[in-house]
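# Topology and contacts: notes
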Amino acid sequence: MKDRFRDWNLYHKSVVAALVAFGVSIVVRLILVIDAGFEISEEAVLPYSAEAIWPWVTNDENRERWQAELIDLQRLKGNELENGATRLVFWKKQGKRWHAMEQTSEVLPGRVFATIQESDNDQRWFRIELKPEGPCSTRVSISEVIRPKAYNARFWFFRESGDHQEKWGTSLEALERWLGKRAPACVAEGGEP
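## As for the pairing of strand β6 (residues 122-134)
In the sheet, strand β5 (residues 112-119) pairs with β6 via 7 bridges, with the strands oriented antiparallel. In the sheet register, Ile 116 faces β6, and the bridge partner there is Trp 125. Here β6 pairs with strand β7 (residues 137-148) via 12 bridges, running antiparallel. From the neighbouring strand, Arg 127 faces β7, where its bridge partner is Ser 143. Hairpin connection of β6 to β7: 2 residues between the antiparallel strands.

## Brief notes about the sheet that holds β6
Strands sit in the order β1-β7-β6-β5-β4-β3-β2 across an open sheet of 7 strands; the sheet is antiparallel. Whereas interior strands pair on both sides, the edge strands pair on one side only; in this sheet they are β1 (38-46) and β2 (70-77). Adjacent strand axes in the sheet meet at a mean angle of 20° when their direction is disregarded. Set on the sheet, helix α2 (residues 50-58) makes contact with β1, β4 (96-108), β5, β6 and β7; between it and β6 the angle comes to about 170°. Packed on one face of the sheet, helix α5 (residues 161-182) meets β1, β3 (86-93), β6 and β7 and runs near 25° to β1.

## Notes on a nonpolar patch on the surface
Nonpolar side chains collect at one region of the surface, where Phe 22, Ile 26, Val 27, Leu 30, Ile 31 and Ile 34 lie side by side and expose about 550 Å² of accessible area between them. For Ile 26, a relative accessible area of 32% puts it in the partly exposed group.

## Re the nonpolar core
Formed by 25 residues in total, the largest nonpolar core has its most connected members in Ile 53, Trp 66, Ile 128, Val 140, Ile 142, Leu 175 and Leu 179. For this core, the secondary structure elements donating two or more residues are β1, α2, β6, β7 and α5. Setting aside its immediate chain neighbours within four residues, Ile 128 contacts Val 57, Trp 66, Arg 111, Val 112, Phe 113, Val 140, Ser 141 and Ile 142. Ranked by size, the runner-up nonpolar core spans 6 residues in total, among them Leu 70, Leu 73, Val 89 and Trp 91.

Rules behind the numbers
Residues numbered from 1 in each chain as written. Predicted model: local features only at pLDDT ≥ 70, side-chain atom pairs only at ≥ 80, totals over all residues. Heavy atoms only, no water. Pairing = 2+ DSSP bridges. Helix = DSSP H or I, 4+ residues; strand = E, 2+ residues; numbered from the N terminus. Axes fitted to C-alpha atoms, helices over the stretch in contact; angles between N-to-C directions. Contact = heavy atoms within 4.5 Å. Patch = residues over 30% accessible without salt bridge, like charges linked within 9 Å, V, L, I, M, F, W, Y side chains within 5 Å. Areas by Shrake-Rupley, 256 points an atom, 1.4 Å probe, with all protein chains shown as cover. Salt bridge = Lys/Arg side-chain N within 4 Å of Asp/Glu carboxyl O. Buried < 20%, exposed > 50% of the residue type's maximum accessible area, 1.4 Å probe, protein only. Core = buried A, V, L, I, M, F, W, Y, C linked by side-chain atoms within 4.5 Å.

Here's what the structure looks like:
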């Protein structure tokens with residue numbers, strides 16, 4: 001029997017190689033997202049002290065003002081600054097509404113606030129850190145890990161990751177605007193803001 005593959009020209013061989021590579025990449029993606037979570041992070045340096053920013057990070061009413069897509073928080077149990085405190089969180093994105101149960105998982109007063117959220121659609125781990133860089137400068141770092149419950153949502157999550165990243169960029173801009181309206185002006189030790 002004659003080897004027919006040897007008769008193929010380079011074009012046909014490269015097409016077959018590309019199709020095989022595409023098929024293998026889909027199989028790898030199918031395996032990788034079986035139990036995957038996706039991390040989104042954003043940070044900005046704001047010209048305010050960590051003490052001025054802290055109430056905006058932890059207070060339920062203030063979070064509704066600056067955190068994009070968040071429309072309401074209702075406390076169920078405990079103070080938001082206690083580990084284990086729970087809240088009902090209501091979201092709205094592009095006309096779709098959903099809610100999640102949120103529980104405070106870590107609080108380091110003035111520095112770290114972290115929660116775990118669970119809804120019918122996904123699980124989310126939210127963490128915000130305040131790192132003072134000077135008397136009137138604080139690095140605000142936000143990270144969120146999202147694990148969609150539906151397998152197909154995990155497989156296609158890369159299509160939405162840009163929207164989630166944009167949400168946190170918008171949120172940090174809104175936080176800075178609200179701080180500009182409501183927070184006291186920060187004055188460094190030398191007397192200049």
